[in-house]
Amino acid sequence: MAMLGFLIVFPLIVAAVLAVVRNDAVRDVIVVASAGVIGVASIALVAMNIGAPGVFFAYSSGVVDMVCMAIGVLIAAVIIAFAVKYKNILAGALAVVQVVLSLVFELGFAHGVHVEFGLYFDSLSLLMAFIIGVIGSGICVYALGYMKDFQHHEPEGAKDRRPLFFALMFIFLAAMFAIVFCNNMVWMFTAWEITTVCSFLLIGFTKTEEAINNAFRQIVMNLAGGIAFVVALFYSVVDMGTLSFTVFIAQAVLNPAIALIPVTALAFAGITKAAQMPFQTWLLGAMVAPTPTSALLHSSTMVKAGVFMLVKLAPVFLVSTVPALMVMLVGGITFLWCSFMAISQSNAKRVLAYSTIANLGLITACAGVGTPEAVWAATFLVLFHAIAKSLLFLCVGTAEHHIGSRDIEDMDLLFDRMPRLARYMMLGIMCMFIAPFGMLVAKWATIVSLVEMGNIVLLIILAFGSAATFMFWAKWLGKLSGIAGQPENVETTVHRSEWGSVVLMAVLLVVACVLLPYVSAFIVEPYIAYVYGVGGQAISTDNLWISSICVAAVVIVLFAGLGRGKSRRVNVYMAGITADSDARTFRNSLSQTSEATARNWYMEDIFGEKKLAPVGVGICIVIIVAAFALSFVGINPGML
Amino acid sequence: MTMLSALIGTLLFAVIAPILGCLLAGLDRVVSARMQGRVGPPLLQPYYDVRKLLEKEDASVNSVEKTYIICALAFAAVSGGIFFSGGNLLLCVFMITLSSMFFIVAAYSTRSPYAEIGAHRETLQVMSYEPMVLLFAIAFFMATGSFNTASVFALELPAVVSIWLVFLGLLYVLTIKLRKSPFDLSMSHHAHQEIVRGITTEMSGPTLALVEITHWMENVLFLGWVGLFFVWGNPISIVLALVVMVFVYLLEIFIDNNFARVKWQLMLKSAWLVALVCGTLNFVLLVF
């Protein structure tokens, strides 16, 4: 238990220190050292408890309850202050509603309910702790170098607000640890709200008009989710008499009728946090923030809290039809729609954002299906998405600072200009969409679990969504792979801290893909067995090994095989006399120099955002409203 | 066991499939010539062509193109090996997609404007046929209760009886996969409908030979998918499957010679519509 407490409290202490440190060198040392400590501690926790079923710690504390209440009030105060400053009535009103509800709840209802086991962990918490502790703190280290460049690009005399930035990053990590370790739902809710307000402040960090607007969009959507969370707490206490998350889930599985409303409300909270349609716009807007923020939000924190909640609720979805249908359909439609819309994007960060939302949709849909096989797939999607997406964000962030653009069309020749970075980026992209890498193995497991359920709708959605996924990743991958003569290598000015984090993610990615059968056997299967009593691995171990051998082969080719060819070099054919292969210029029939240009396809008229987004948002709103209506009326077809 | 059989299967496939694929390509050229009222080349002409390509000088626009092509070839062999050794059909589908990806990346890496256009179109072709191919694998599971291709030998009736709609859908996208007209957008075997030769523009000599061999293997694999619908517990069914495979290939040649290339919009929309209709209807028929 000391370990859990350490992981939650230590980042808070670091954050407090970083908030007052103004010296670059001192901050570097503190961030690197504490990230190392957090990483080692979380790895140690995982290693010492590998394969553990649920481990519960008898811990309840009136002091912690009071602290949680105080934090709740503080959060509301911060939001209301900003809402007043920027005249955003909706955000202020929602914050007031939430703080009043939660105070009424905590003072009037909650104090009678005692949660004996305040803290716990199981294999899913351990996996999440690994993701938060290693990937999350890796991103914090990366931010050191990135934010130096960022400060450089700021106008002369601008206030250095990096202490706030780094303090928020570490508070974020602490809150995430609290979410995955707290069994007391009130504590969990407090941590949940901390992540909301932290990302609000991080998105609005640059204080441009766009950033402020997007930050408010985020806070409004997530406050709606937060209010749903409080509603779930009310019902949980009144109808079920418990605030223990484990007891809540167990009771909901035994008696889905009594838990119908709180489960639907919690699922809704998860959907808002995981940026599912119709709430996808907050995550798209979040990319105005500095890239480390995006990396943190997309890979190891925030959205992962949402899907963590949904995966936890998966056993309930298996027996409770209404919330299950809501989660399944919203997830499936989000996956399909966002994969389509990603095709029409040329901004690298926007492609990444859409791909994140799409993959979260897939995880959500798997959680909604709720069978052991589907949860196996969801867990792997969480893991591989976290690693690959953080790698990609870090690469894009570094590329942006060195080539001056985040547009994919400008990444032409990146393989020459930044040969190492381009390879890492290609590795990350391949992991996202192509077999035998991790994400595709998870998708494979998803197909198996769906086909065993006979879930036709999701199978069709998956088939079309996967095809769209191929399109938008392959054309980006192709753009990166372009090779010319010997342009200037601009890679030498990348900060060491940035390289460190990028390499860490790449190594994690390769190790996780190659050792996938072991990850399944020692981390994922124990959780499935603990929750369901049966295994969930739908793909034979032999086939997993075939995949990992192929991954090893591709990685070797990518990092050792490329660029070794010794054939004679010839000019590129351009239907004229080639003047310069690298610049793609040729002498045309009038002896003038022409330049050949080629641009990727974005198919705006078929997959454009303006055309597609309203339809998807509309469908998802109808589904969610219908699910709540059915829940309040108390109709749950699975019960009949 | 699966691993060992997949390995042996891959090695055998890498030897046998190019031979069969070469003969198929020769047959294609002879039959096409007859359809056009020509005598045509000898049956072994594709073999002579590739042998000549292999003897040519190794020249290319960059140092990586050939590496990517070798990867495409290797993973096509793995895919075929998994399929014909009775392995997992989904894994087979994923591996052949990986092979296609390497082919596309090879073309992109040259930065030739013409090759890039070919690569864009090839990416679009993959996107067009991928839903139907995935639905084919899923329907196969629904019909046989397993993703392993070996499971057909335990059937009492061939899979085509229950998933004939998916079979028709697969036939439709097979034209795209085989890069036959009207869906030969990324590169065409017909000189008259190509300005510059699409995705293989910058590939020459031994590299182009490897591309040809990869296509031979792919063709054998795809016809294997067709045959899979017609095999059941009775050993004679294999003969039936072979007859159907030859017939389907002749049908593809016939289509190839009678249609002009279509625009990409039509290819994408029609292939997705076919997948949606055939897949959904067939699944509904199976489940209810």
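Definitions and cut-offs
- Residues numbered from 1 in each chain as written.
- Chains lettered and ligands numbered in written order.
- Predicted model: local features only at pLDDT ≥ 70, side-chain atom pairs only at ≥ 80, totals over all residues.
- Helix = DSSP H or I, 4+ residues; strand = E, 2+ residues; numbered from the N terminus.
- Buried ≥ 20, exposed ≤ 12 C-beta atoms within 10 Å, placed from the backbone.
- Contact = placed C-beta atoms within 7 Å.
- Rg over C-alpha atoms; globule rule 2.2 N^0.38 Å.
- Axes fitted to C-alpha atoms, helices over the stretch in contact; angles between N-to-C directions.
- Parallel < 35°, antiparallel > 145°, perpendicular 65-115°, else oblique.
- Left-handed = near helix turned anticlockwise from the far one by under 90°.
- Nonpolar A, V, L, I, M, F, W, Y, C, P; charged D, E, K, R; others polar.
- Expected span 1.5 Å × (residues − 1).
- Pairing = 2+ DSSP bridges.
- Core = buried A, V, L, I, M, F, W, Y, C linked by C-beta atoms within 7 Å.
- pLDDT = per-residue confidence, 0-100.

(A) Representation of the overall build of chain B. When helices and strands are tallied, chain B shows 9 helices and 1 strand. Overall, the C-alpha framework of chain B stretches about 55 × 40 × 40 Å when taken along its three principal axes. In chain B, which comprises 288 residues, the proportion classed as buried is 59%. Contacts spanning at least 24 positions in sequence make up 75% of the contacts within chain B whose residues lie at least 6 apart.

(B) Focus on the overall build of chain A. The helix and strand tally for chain A stands at 25 helices and 6 strands. Taken against the 2.2 N^0.38 rule, which gives 26 Å for 640 residues, the C-alpha radius of gyration of chain A at 24 Å falls within 12% of a compact globule. Structurally, chain A occupies a C-alpha span of about 85 × 60 × 50 Å along its principal axes. Looking at chain A residue by residue over its 640 residues, the buried ones come to 60%. Intrachain contacts of chain A at a sequence separation of at least 6 include 82% that bridge at least 24 residues.

(C) A look at unusual backbone geometry. Met277(A) connects to Pro278(A) through a cis peptide bond whose omega is 5°. With respect to the helices, strands and loops of the structure, Pro278(A) is situated in the loop between helix H10 (260-273) and helix H11 (280-285). Cis geometry marks the peptide bond from Ala435(A) to Pro436(A); its omega dihedral reads 5°. Relative to the helices and strands, Pro436(A) resides in the loop between helix H18 (419-433) and helix H19 (438-453). The phi dihedral of Met603(A) falls on the positive side, at around 45°, and the residue is not glycine. Residues other than glycine seldom take positive phi values, yet Arg111(B) does so here, at roughly 60°. Take Arg111(B): it is sitting in the loop between helix H4 (89-109) and helix H5 (113-144).

(D) Just the packing of H10(A) against helix H25 (residues 609-633) of chain A, in detail. Residue and element names in this part refer to chain A. One can describe the packing of H10 onto H25 by two numbers: an axis separation of 9 Å at closest approach and a directional angle of 160°. Between H10 and H25, the angle is such that the two are roughly antiparallel. Between H10 and H25 lies a crossing whose hand is left-handed. Of the residues in H25, those in contact with Leu260, Ile261, Thr264 and Phe268 of H10 are Ile624, Ala627, Phe628, Ser631 and Phe632. Considering only residue class, the contact of H10 with H25 consists of 7 nonpolar, 2 polar and no charged.

(E) Geometry of helix H3 (residues 65-84) of chain B. Taking 1.5 Å as the rise per residue, H3(B) with 20 residues should run 28 Å; its terminal C-alpha atoms sit 29 Å apart, in good agreement. In the stretch just after H3(B), Gly86(B) is the one whose phi turns positive, near 85°.

(F) Spotlight on the sheet that holds strand E4 (residues 577-580) of chain A. Residues and elements named next belong to chain A. Read across the sheet, 3 strands follow the order E4-E5-E6 without closing on themselves; strand pairing throughout is antiparallel. Of all the strands in the sheet, the pair left with one neighbour each is E4 and strand E6 (593-595). Geometrically, the sheet is characterised by an average inter-axis angle of 40° between neighbouring strands, direction not taken into account. Pairing geometry for strand E5 (residues 585-587) and E6, over 3 bridges, is antiparallel. By the bridge assignment for E6, arginine 587 is matched with threonine 593.

(G) Seen up close, the interface of chain A and chain B. Taken together, the 53 residues of chain A in the interface contact 56 residues of chain B. Listed by contribution, the elements that provide at least two residues to the side of chain A that touches chain B are H19, helix H20 (456-481), helix H23 (541-561) and strand E3 (568-569) of chain A. The residue inventory of the side of chain A that touches chain B, partitioned by class, reads 33 nonpolar, 13 polar and 7 charged.

(H) Here's a closer look at the environment of Ser109(B). All names here are of chain B. Counting through the fold element by element, serine 109 comes out in helix H4. Look at serine 109 and you get buried, because 27 C-beta atoms sit within 10 Å. Note: C-alpha distance between serine 109 and methionine 187 (78 residues apart in sequence) is 17 Å.

(I) Representation of the pairing of E4(A) in the model. Residues and elements named next belong to chain A. Alignment of E4 against E5, held across 3 bridges, turns out to be antiparallel. Counted as the bridge partner of aspartate 580 is threonine 585 from E5. As consecutive antiparallel partners, E4 and E5 are separated by 4 residues, and within that stretch arginine 584 has a phi angle of approximately 55°, a positive value.

(J) Representation of the packing of helix H1 (residues 2-20) of chain A against helix H6 (residues 162-181) of chain A in the model. Residue and element names in this part refer to chain A. For the pair H1 and H6, interaxial distance at closest approach is 8 Å and the crossing angle is 170°. Relative to H6, the element H1 lies roughly antiparallel. Contacts between H1 and H6 pair Leu4, Leu7, Ile8, Pro11, Leu12, Val14, Ala15, Leu18, Ala19 and Val20 from the former with Pro163, Leu164, Phe166, Ala167, Phe170, Ile171, Leu173, Ala174, Phe177, Ala178 and Phe181 from the latter. In terms of residue class, the contact of H1 with H6 is built from 21 nonpolar, no polar and no charged.

(K) Region of the structure containing the nonpolar core. If you look at the biggest cluster of nonpolar residues, it comprises 367 residues, and the most contacted ones within it are Phe170(A) and Leu509(A). Once residues lying within four places of it in the same chain are set aside, the contact partners of Phe170(A) are Pro11(A), Val14(A), Ala15(A), Leu18(A) and Cys140(A).

(L) Quick peek at the confidence of the model for chain B. For chain B, the average pLDDT comes to 92, and 100% of its residues sit at 70 or higher. Interface confidence for the predicted complex, expressed as ipTM, amounts to 0.95; the pTM equals 0.94.

(M) Examining the environment of Ser594(A) more closely. Along the chain, the position of Ser594(A) falls in strand E6. Excluding anything up to four places from it in sequence, Ser594(A) contacts Thr585(A), Phe586(A) and Asn588(A).

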